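Given next are the chains, with one letter for each unit.
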Amino acid sequence: MEPAFMLIVVKEHRDPPIQINVNSEIQAMTFSTNGEYLLSGGRNGVQVWRVEDGEEMATLGAGNVNCLAMSKDGKWVAAGTASRDSEVFLWDTKTYEKAFTYREDSSTIQGVDFSPDSTRFVSASWNHTASVWDIATRTRILTLDHQLETQLRAAKYSPQGDRIATANDQSIRVYDSNDGHLLVEIEVRVTPWGNSGLLWSEAHLFVVSDGRIKQIEASTGSAVSEWPVPGSNRSSCIVLPQHAEYIAYSTSHTVTFWDTSTHTQLGCIQYSQTMPSIAVSPDDRSITLCREAGKITFQPLSRIVAPVIQINDIALDSWKQDQLAIAKESLTTAIPASQNPIHHTLASRALIQVRLKQWNAAIADANESIKIRPSIIGYIAKSVALVGKGEKHKAYRACDLAFEHAHSNHINFLLLVKAIIVFMAGEHDDAISRVDDLINTVYVNSICHAVYMHLLLGNSCMESGDYTGAVRSFERAQAKMRPHTSRALSMISLISGWKFDNLAINIQRQLCEALCAAGHAKEAGEAVLKMVKTFSEEIYISEALTKWISDFTQRCLATSTLGCSGVASSKLARHNEHGTLDPILAAISSSLLKQWARAKLTCSPWKDALTAALGFETPRSMTYRAICERLETIDRTLDASECFLQMMNELAGKMTKHDVQATWAVAFGRRCTEKLEYLGDGAAEAQQQDDAIAWYSAALSLNLPIPHILIKRSKAYVAKRLWEDALLDANQVVTSDPRSPWSYERVLMEWAKVNLKNGLWEEALVAARDFKIPRITTYRILCEGLEGVEGVMDAIECFHQMASELTKETITQGEQAEWVRDFRYRCCEKLGRFGDAAMDSQQDDEALKYYSTALSIHPANTQGIFILRSKVCIAKSLWEEALDDANEAITFDPSSPWGYDTKRTALHGAGRYEDAIQTFETMLSKMGQSPDPQVRERCGQYVRPSSVRAMIRKIVQRTIRHSPRVLINTTTGRLRNKAEQAAAFMSLPIVNELVSSMTTRIDRGRIKHEARKFFSYIMLSHKWEENEPLFQQVIHIAVYDLDQSPTHDKLQMFCKIVRDAGFNWAWSDTCCINKEDHFVLQEALVAMFKWYRGSATMIVFLRGIHSPATLGDLVKSIWNTRAWTLQEYVAAKVIRFYTEDWTPYLNLEAFNHKESPEIISEMETATGISSQQLISLRPGFSSIREKLHLASTRQTTLVEDAAYSLLGIFSVAGISAIYGEGENALGRLLAHILAGSGDASILAWTGQSGAYNSCLPTYITVFNRPASSHVPPPIEDAEMENIIATLRTSALDLDLAMKLYDRLNDLPSPWFAASRMKLPCIAFKLPSLSPARTPSGRVYRAETSVFGMVEIKTKQDPSKLNALYLVHPWLDVLLDREDMQTGAFVEDDVEEAFSQGTDDEDISDEEGEADFPPLPEPTSPSPPPRRDTVPMDRETRALRLVARLRQPFGALLLSLTSTRRRSVVYRRVAADSMITVQIQENVSLTDFLDNVRILDVL
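Parameters and conventions
- Residues numbered from 1 in each chain as written.
- Predicted model: local features only at pLDDT ≥ 70, side-chain atom pairs only at ≥ 80, totals over all residues.
- Heavy atoms only, no water.
- Helix = DSSP H or I, 4+ residues; strand = E, 2+ residues; numbered from the N terminus.
- Pairing = 2+ DSSP bridges.
- Axes fitted to C-alpha atoms, helices over the stretch in contact; angles between N-to-C directions.
- Parallel < 35°, antiparallel > 145°, perpendicular 65-115°, else oblique.
- Contact = heavy atoms within 4.5 Å.
- Nonpolar A, V, L, I, M, F, W, Y, C, P; charged D, E, K, R; others polar.
- 1 Å grid on protein atoms, 1.4 Å probe; cavity = no way out; pocket = protein on both sides within 12 Å on 5 of 7 lines; lining within 4 Å.
- Points joined across faces, edges and corners; volume = space filled by probe spheres on them.
- Salt bridge = Lys/Arg side-chain N within 4 Å of Asp/Glu carboxyl O.
- Buried < 20%, exposed > 50% of the residue type's maximum accessible area, 1.4 Å probe, protein only.
- Phe/Tyr/Trp six-rings, centres within 6.5 Å; stacked < 30°, edge-to-face > 60°.
- Lys NZ or Arg CZ within 6 Å of the ring centre and 35° of its normal.
- Core = buried A, V, L, I, M, F, W, Y, C linked by side-chain atoms within 4.5 Å.
- Expected span 1.5 Å × (residues − 1).
- Patch = residues over 30% accessible without salt bridge, like charges linked within 9 Å, V, L, I, M, F, W, Y side chains within 5 Å.
- Areas by Shrake-Rupley, 256 points an atom, 1.4 Å probe, with all protein chains shown as cover.
- Lys, Arg positive; Asp, Glu negative; His and termini not counted.
- Charge placed at Lys NZ, Arg CZ, Asp CG, Glu CD.

S.K.: Sorry if this is basic, but what is going on with the environment of S1336 here?
M.R.: Relative to the helices and strands, S1336 is located in the loop between β37 (1330–1334) and β38 (1337–1344). C-alpha of S1336 to C-alpha of K1353: the two residues are 17 residues apart in sequence and 9.6 Å apart in space.

Right, here's the structure in full:
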């Protein structure tokens, strides 16, 4: 591992940097293009500053500016703000006028940047989008959506302007800047906000990410490099100078500089305040730092950038410790695997070899380094090696070549290096002159090197005995000595071997020796004294230095070099052990005494040290002072204060006001007091109150009572609950500072907080009698204390006791009156909140208590409390109490709508709905007249009663739209049409209740529920009898008033049972249909199925079955033979069967007899089909044969009813009822069904042909036989696979088979044009038939080439008929189409349409009108659409067709019939039995193909 190391030369200017005081927080900065102006953005908007003198030139108005940019042509400034509604701004720099503003709702602008051509700029906002703006048109031309639901943190144009990079905390996206399409997405987290963590550099991106700077290839997203930096956060910032050699990076209090190629740190700037923004000038000469306090500082960059030495840590540490051989070996070993450029390593080894005086090896390494890559360090190494070898002129030339490869920021450093090389070459005066020139111009840090040169010259003079010259050189060095922090010293030290550590001490020490050697005694003494005073810390930690001072003093004493007399010398010797007399030696002794105290107090108590110092002849005050100061230094502040107090007690009479020690004592006492206070503060913060009291007490013991420390100690006493001590300190505070906020009242308030937590305020009141304060103050403190611990109820009780104990004048005058008023308001407000919280948690009794207590203290505004208490009463169903409070609120402010709101709720709860509605109307009127626009606007949130009533009427109409036209009101027994039904509902109290309850939202669901509950009806299913009550009879009389008769009794009992079950409406087909109105009758015939389907229950009256009924009676009942009752049973969802005496059939207890096992069993027996098939029957064209089969077993009184009774089951709306048309009714129905469904199974029957069409039967009874006897039998899958496999290997013409399949598949299903049927089929002509006798009767036979022998049984004489054809019409089966003849249940849309139409939330009139959509008329000339076939490949379908063609089937017999128009038509010849035939094997596919036809059948 080879971490890079860098040494930096820091260049300083004499003049301090320019500083601008903005006096406001700054978030962003940028320079103008020419570098003459700096722009800052923050809370003051955008401010423009002149760099030369820091003068403010302009302020551009904006909000809290978060990001800032200036166009490359200098014409435009853009900024983004951070606030609730952030904005993007654009200004013209010539006029400073605002050219463009755009507001981003609720989205902070995190970045702005201009395109290189200054025609566009991009802004990044927190809503994860970036917008590209055209400056000329002031319009947004692109929106770049970062998609990830995190805020954007930056958006930057590439240097070429062809790309834009946006960044958030998850990724960077690079877009094409022309069309906005995404080029690459890079998964990297960008930490800083405000466009400060992302930079472009040619084709690379630099990113600040989680404590690292990452360099990324922008085109691919691949990482190029990365290196760690001090912890990054959202305010971190990076900037890149024009030359891009290094990056400036700021975080918190530090700015660091990093080489972009080697990733090593170049320099550092630190401040105590955070720096949210930095900027580099366009000429790369200075960096601008923005500090948190609103100060902008300009720093020259030349003090940061310098040549570097890059070596590994081991070599560097060895080099620093002068272990040069180890350093050289480490570099030699590292060269093959070094991560640093090898030319740096070679140059570094050359410098080490210079120090080892290996001149030739050093020159060789330097030359090799320069050959690989010329560098400053390479030339420096070569120059130093040449000097060491004695070739100084070559050395000078090598040094001069370094200037050719130096950055402008390196020049001054190289000038210094050359001066040192000149010095090393022996030209001392020239070298010192060069350094002096640098010092006098720009390079202040050169001073250290000049000082060192003088030090070296002085040492040389000492060696040659020129003590005077040595003193002169040392004094010059000392005169030039300055504090030095330049990092270049380390580099010079490594190059030259010069040691700059403790340079000032070494100079002072050498000066002392030189003065002593030159015989200047007094000056030597003063020099050593100065050294002791100046470098006391260094002397203490350096044993060698301490020993030298001691030895030097002894040498001086031995030679009397301090110029003392004999007496003085004797005393000086005694001072060395005990005390001091000479001022200079006294000062030395004082310094040494401090060192003694430091050593003594490290391991001994201070009192022991004081006792040990009794033998010293130094003044006692000096000993105390040394001990006190040392105790203070090592943070034994309490001991220091005790020592100080002991000194003051012991020496108080011996120190005068102007004594130096007295002055020191005052300063020391102040310092100790401050430190003790600080320690007390820390203890108090850590809840260590005993320690805090001790610290504060010690601090107070050093001075007169200090109010703020007394306050702190009083608070500590309060924390310890030492109330008397706390009150004593509080009284002292008030005595010394009457305006202090801390007083005995504050102490008492704290006392109250502690003692009132349990609510025992009566005991506290008794205890407070001992306090010498006004009684009302006690009450006030107790009331406020109770209020503070949330004992508001106790506080109010205490308040009431105060009011009863004290006079009215006491509590209503002066300051107390204001407190009473404020206390009432606060308590009322708190009680209101408590009441609200209790209401929210459904603690109504508690809420009532709080509100009532609030009203008892009589605040000025009670309307709100009355309203709240009214709401609580409403929640407790205390309607009258709630109404009283609401009326009180209205009386208080009749113009306010809120009292009316509560009153309406109370009236509604009391069942006074009309009054509630009227009150609600008044409330809306008050809101509309309110002067408050918000109240008027809120009025629109309520629903007016008229709107609710309109919606109720609309839903009512919707609800009854699909119910019977006329119903019987079970309460009155009168017939009511739909208008009367609706009026009956609107007159109910429930309507007013609905209107009153729906004030903010119309609850359609509840209205529908109430409407459906009211309009639910029950229907009667029965067999008609003689003397049934008809519509014309009942319309004028109540059902219950009809004369007594079996049919009248039946109707009356039905209505009573419905009424007793809780239903308002009943329906019977006897009296609820006006059969004289053809339209009404037609509607009933079609809609009856839907009516039964929509009924709540259907009651079946079983005439002729008496109780107790037995199982099987239902099967034999007359009801079970009637055609009309079939659709009633199928349609109804809930059915209840009643016997003739109106008791439940079989005494069944089940609510729905239709689901009873007994009823299911009997209905299966009665109908001959399974219960599952019965349940699955739905209106429409599903299960056609099952429905016809069921109908074939039923009887009707009228011939037409055999068809009309099926209109509802088949959902046929296009057939009118024409009583008297006879058998044509069934023909019209079947034709309609066949045309609508295309189901040819309707043609599968034997018997007499009907008059409507010869293919349709006369009577429905023909369908008593299943259709499966006509169609070809099914082929099992395994058998079908075998047949297909055989066909594939046979000589079958597959193309012809597919052609036949396509031909049949293109045929439509059968359809009707008027009474003519278009029948797609395969028709084969028969030869002449011959009669024959069989045991079953006459038959007709013929030998055919297609079917072989054919036998037909018919009552017609075939010899009298024209050409005969046997027809195969079952194309659906042949083609494997979805089988509609099997009776498989297919759920129709009809049922869903009906249910959706009634349940849909949208109650618009346009939707759901046709629950049972009408079918096309039978006269429609258009054929019905083909049904899809089973999905499989065409070849397989053709082979399956061939297989099925060979199966036996029931054929239709048609005869050719001529018409007047001589058109070719056919008639079906009715056969007495099924004509079963099978096509012979020798019949070719061509024969089939030639006989595919569509026949016109009469």
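S.K.: Can you walk me through the sheet that holds strand β2 (residues 26–31) in this structure?
M.R.: Remark on secondary structure: sheet strands pair via backbone hydrogen bonds, oriented parallel or antiparallel. Across the sheet, which stays open at both edges, the four strands sit in the order β2-β3-β4-β5 with antiparallel pairing between neighbours. Looking at the sheet topology across the chains shown, the edges are occupied by β2 and β5 (56–60). Across the sheet, the mean angle separating the axes of adjacent strands is 20° when strand polarity is ignored. Here β2 pairs with strand β3 (residues 37–42) via five bridges, running antiparallel. Residue pairing in the sheet places T30 in a bridge with L39 of β3.

S.K.: Looking at this structure, how should I read the packing of helix α39 (residues 989–997) against helix α40 (residues 1004–1015)?
M.R.: Think of two packed helices as two axes; the pair is described by the angle between the axes and how far apart they sit. In contact at an axis separation of 11 Å, α39 and α40 are set at 175° when each is read in the N-to-C sense. It follows from the interaxial angle that α39 and α40 lie roughly antiparallel. Across the interface between the two elements, I990, E993, L994 and S997 from α39 touch R1006, I1007 and E1010 from α40. For the contact of α39 with α40, the residue count by class is three nonpolar, one polar and three charged.

S.K.: What am I meant to see in empty space enclosed by the protein here?
M.R.: Rolled over the atoms, a probe as big as a water molecule pinpoints where empty space is left. Considering all chains together, one arrives at nine cavities of 30 Å³ or more under this definition. What lines the largest cavity is a set of 14 residues, among which W1245, T1246, A1451, R1468 and A1471 lie closest to the centre. No other element matches strand β41 (residues 1449–1457), which puts three residues into the lining of the largest cavity. Within the lining of the largest cavity, the residues separate by chemical class into nine nonpolar, four polar and one charged. For the lining of the second largest cavity, the per-class residue count stands at seven nonpolar, two polar and two charged.

S.K.: Before we go on, may I ask you to explain the sheet that holds strand β25 (residues 265–270) in this structure?
M.R.: Reading across the sheet, the four strands line up as β22-β23-β24-β25 and stay open at both edges, with antiparallel pairing between neighbours. In this open sheet, the two strands that pair with only one neighbour each are β22 (237–239) and β25. Strand-to-strand twist in this sheet, taken as the mean axis angle between neighbours without regard to direction, amounts to 20°. Bridging between β22 and strand β23 (residues 246–251) involves three bridges; their strand directions are antiparallel. When the sheet's bridge partners are listed, I238 is paired in β23 with Y249.

S.K.: What is the right way to look at the pattern of salt bridges in this model?
M.R.: Opposite charge on two side chains lets them pair, provided their charged atoms get close. One pass over the full model with this rule turns up 34 salt bridges. Residues R349 and D365 are paired through a salt bridge, measuring 2.6 Å at the closest nitrogen-oxygen approach. Here R349, found in helix α3 (residues 342–355), pairs with D365, found in helix α4 (residues 359–372); they are 16 residues apart in sequence, far enough to count as distant. For R636, the salt bridge is made with D639, and the minimal N-O distance between the two is 3.2 Å. Given a relative accessible area of 24%, R636 falls into the partly exposed group. Owing to a relative accessible area of 23%, D639 belongs among the partly exposed residues under this scheme.

S.K.: What is the right way to read helix α45 (residues 1123–1131) from this model?
M.R.: Counting buried positions along α45 yields eight of nine residues, so the element is predominantly enclosed. Among the residues of α45, those classed as buried are A1123, T1125, L1126, Q1127, E1128, Y1129, V1130 and A1131.

S.K.: For this particular structure, what's the right way to read the packing of aromatic side chains?
M.R.: How two aromatic rings sit relative to each other is set out by the distance from centre to centre and by the angle between their planes. Counted according to the given criterion, the structure contains 25 aromatic pairs. Arranged with centres 5.3 Å apart and planes meeting at 55°, the rings of F985 and F1014 form a pair that is tilted. Pair noted here: F985 is in helix α38 (residues 978–986) and F1014 is in helix α40, with a separation of 29 residues, a long-range link. The residues F985 and F1014 share a single accessibility class, namely buried. Seen in terms of ring centroids, F1014 and F1015 are 4.9 Å apart; in terms of plane orientation they differ by 85°. Their pairing is edge-to-face. Across the pair, exposure class does not vary: F1014 and F1015 are buried alike. Put simply, the rings of F100, Y102, F114, F121 and W133 touch in pairs and so form one group of aromatic residues. The ring of Y1129 has K1154 sitting right over it, with the charged end atom 5.2 Å from the ring centre.

S.K.: Can you help me understand the pairing of strand β40 (residues 1364–1368) in this one?
M.R.: If a strand is regular, its side chains alternate between the two faces of the sheet. Of all five residues in β40, five are buried; the element is thus mostly enclosed. Burial along β40 is two-sided: L1364, L1366 and H1368 facing one way and Y1365 and V1367 facing the other are all buried. Pairing of strand β36 (residues 1316–1325) with β40 involves four bridges; the strand directions are antiparallel. Opposite I1322, over in β40, you have H1368 as the bridge partner. Note that β40 and β41 share four bridges and pair antiparallel. Bridge assignment links L1366 to a residue of β41, and that residue is L1453.

S.K.: What am I meant to see in the pairing of β23 here?
M.R.: Counting buried positions along β23 gives six out of six residues, so the element sits mostly inside the fold. The alternating pattern of β23 places Y246, A248 and S250 and I247, Y249 and T251 on opposite faces, both of which are buried. Relative to strand β24 (residues 254–259), β23 is paired through six bridges, and the arrangement is antiparallel. Directly across from T251, in β24, lies its bridge partner T254. Between β23 and β24, which pair antiparallel and follow one another directly, the connecting turn spans two residues, one of which, S252, has a positive phi of 55°.

S.K.: Explain the nonpolar core to me, please; I cannot follow it from the model alone.
M.R.: Judged by nonpolar contacts, the single largest core of 169 residues is most densely connected at F1054 and F1137. For this core, the element with the most residues is helix α43 (residues 1078–1094), which contributes nine residues. In this structure F1054 touches I1018, M1019, L1020, A1066, W1067, I1099 and W1142, once residues within four positions along its chain are discounted. A315, A402, A431 and V435 belong to the second-largest nonpolar core, a separate cluster that totals 49 residues.

S.K.: Just checking my understanding: could you explain helix α10 (residues 467–480) for this structure?
M.R.: Spacing of three or four residues puts side chains on the same side of an α-helix, whose turn is 3.6 residues. Taking 1.5 Å as the rise per residue, α10 with 14 residues should run 20 Å; its terminal C-alpha atoms sit 20 Å apart, in good agreement. Along α10, the positions that sit buried rather than exposed are G469, A470, V471, S473, F474 and A477.

S.K.: Looking at this structure, I do not really get a negative patch on the surface. What am I missing?
M.R.: On the surface, E880, E881, D884 and E888 cluster together to form a negatively charged patch. By the secondary structure assignment, E880 is in helix α33 (residues 879–892).

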